[in-house]
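# Inside the fold
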Amino acid sequence: MNYNSLRIDVLTLFPAMFQGPMTESMLWKARDRGLLDLRLHDIRDFTTDKHRTADDIPYGGGGGMIMKPEPVVAAIEHALIDAPPGTPVILMTPQGRVFSHRIAVELSRHERLVLVCGRYEGIDDRVRQLLITDELSIGDYVLTGGELPAMVVIDAVVRHIPGVLGAEGAANSDSHADGILEGPHFTRPPLFHGLSVPQVLQDGDHGKVARWRREQGLRRTWERRPDLLLTAELTEDERYLLGRFADEDSRRATG
Ligand code: 4GO
């Protein structure tokens, strides 16, 4: 098999933060198999003064410090050497579009990605104006830096590089892969603290198991994330099942 590999350049003032997460388990395997080429760059290495100054006070006053534009721009330009045109240069920021399964799949199809992590009150906006092509947020909360969001994006993207996951195509049945959640999972023993594994899974009729899983996934989505059902592409059978959940609901409410 001829796998394509993904190179990700991360620009940060704290490259050591990536050492743990990026050298464990699946991510390590991806790197070991040559599917992921992860390169960490210390933005401070692109400063030019003797104190290696990466931040400065904000124009207009106010608290906190701002990351100086020159070292960040130099780091991005370094990361973009020999990168194909259209390589995403992504800034992690709570002001970005909210990261999702769909965006993870989209990003995994590129040959190269550049992730820029801010610290303090953020980066001088001219870096964004000049070089940033995408701004991503992992959710509506503020963190002390873009490093944890970058790691979240890397983990979610790398799972979609062909050859990374053990069971080929295991990512396709994931929660969110087709717009609905997954149902529950079980392993041995068949009886645990008085709770048994559903008989259909123990019987191992693959057709029945597939139908049961789809129904459980739909049920969970109905219960927990009904917003997802507004956009999920469902078959006629699945729409019928949703109707049944609604009926069960109203019987519980009235009976
Ligand atoms: C990203 C960056 C939150 C996110 C960040 C997020 N906080 N929700 N903080 O993805 C500029 C300096 C932004 C600290 C950074």
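All of these numbers come straight from a predicted model, not from anything done at the bench.

Below, the discussion takes up the side chain of R7. Here R7 shows up in strand β1 (residues 6–12). Relative accessible area serves as the criterion here: at 16%, R7 is assigned to the buried category. Only 2.8 Å separates the side chain of R7 from the side chain of D9, close enough to count as a polar contact.

Moving on to the site of the ligand. Close to the ligand lie 16 residues; S137, I138, G139, Y141 and L143 are nearest. The backbone of I138 places a nitrogen or oxygen atom 2.8 Å from an oxygen atom of the ligand. One nitrogen or oxygen atom from the main chain of G139 is found 2.9 Å from a nitrogen atom belonging to the ligand. The protein chains hide 93% of the 380 Å² of surface that the ligand would expose on its own. If one sorts the elements of the shell around the ligand by residue count, strand β5 (residues 89–98) sits on top with three residues. Broken down by class, the residue content of the shell around the ligand amounts to eight nonpolar, seven polar and one charged.

Moving on to the sheet that holds β5. Sheet strands pair via backbone hydrogen bonds, and the direction of the pair is either parallel or antiparallel. In spatial order, the strands read β2-β1-β6-β5-β7; together these five strands make up an open sheet with parallel pairing. If you trace the sheet from one side to the other, it starts and ends with β2 (36–42) and β7 (134–137), each paired once. Taking the axes of each pair of neighbouring strands and ignoring which way they run, one obtains an average angle of 35° across the sheet. Of the strands in this sheet, β1, β2, β5 and β6 (112–117) touch helix α3 (residues 69–79), which is tilted by about 170° from β1.

Further remarks concern unusual backbone geometry. Most peptide bonds take the trans form, and the phi angle of most residues other than glycine is negative. At the junction of R188 and P189, the peptide bond is cis and its omega measures out at 5° in the coordinates. For P189, the location among the structural elements is in the loop between α6 (147–158) and β8 (191–192). Phi angles above zero are rare outside glycine, and S25 is one such case at about 55°. Locating S25 in the fold gives a position in helix α2 (residues 25–32). Even without glycine at this site, R52 takes up a positive phi of about 55°. Examined against the element boundaries, R52 turns out to sit in the loop between β2 and β3 (55–56).

Our next topic: α2. Those residues of α2 lying buried are M26, L27 and A30. End-on, the buried residues of α2 take up no more than an arc of 100°, which puts them together on one face. Summarising the geometry of α2, the exposed residues directed more than 90 degrees from the buried face are S25 and D32. Tucked inside the fold, the buried residues of α2 contact α1 (19–22), β2 and α6. Within two residues after α2, G34 carries a phi angle of roughly 75°, on the positive side.

Take the domain arrangement of the protein next. For the protein, the assigned domains read domain 1 (6–158) and domain 2 (191–254). Domain 1 and domain 2 are separated by 40 Å when their C-alpha centres are compared.

Along β1, seven of the seven residues are buried, which leaves the element largely enclosed by surrounding structure. The side-chain alternation of β1 yields two buried faces, one formed by L6, I8, V10 and T12 and the other by R7, D9 and L11. Note: β1 against β2, seven bridges, orientation parallel. Note on β2: the bridge partner recorded for L6 is L36.

Across soluble globular proteins, you tend to see nonpolar side chains buried next to one another. Grouped together as the largest cluster of nonpolar side chains are 30 residues, with contacts concentrated most on I8, L107, I154 and V158. Sorting the residues of this core by element identifies β1, α2, β2, β5, α4 (101–108), β6 and α6 as the ones contributing at least two each. Ranked by residues supplied to this core, first place goes to α6 with six residues. With sequence-adjacent residues up to four places away left out, V158 is seen in contact with I8, M26, L27, A30, L36 and V164. In this structure, L11, V73, V127 and I132 belong to the second largest nonpolar core, which totals 17 residues.

About the criteria used
- Residues numbered from 1 in each chain as written.
- Predicted model: local features only at pLDDT ≥ 70, side-chain atom pairs only at ≥ 80, totals over all residues.
- Heavy atoms only, no water.
- Helix = DSSP H or I, 4+ residues; strand = E, 2+ residues; numbered from the N terminus.
- Buried < 20%, exposed > 50% of the residue type's maximum accessible area, 1.4 Å probe, protein only.
- Polar contact = N/O pair within 3.5 Å; in protein donor to acceptor, adjacent residues only side chain to side chain.
- Near = heavy atom within 4 Å.
- Areas by Shrake-Rupley, 256 points an atom, 1.4 Å probe, with all protein chains shown as cover.
- Nonpolar A, V, L, I, M, F, W, Y, C, P; charged D, E, K, R; others polar.
- Pairing = 2+ DSSP bridges.
- Axes fitted to C-alpha atoms, helices over the stretch in contact; angles between N-to-C directions.
- Contact = heavy atoms within 4.5 Å.
- Arc of directions from axis to C-beta.
- Domains from an automatic or database assignment.
- Core = buried A, V, L, I, M, F, W, Y, C linked by side-chain atoms within 4.5 Å.

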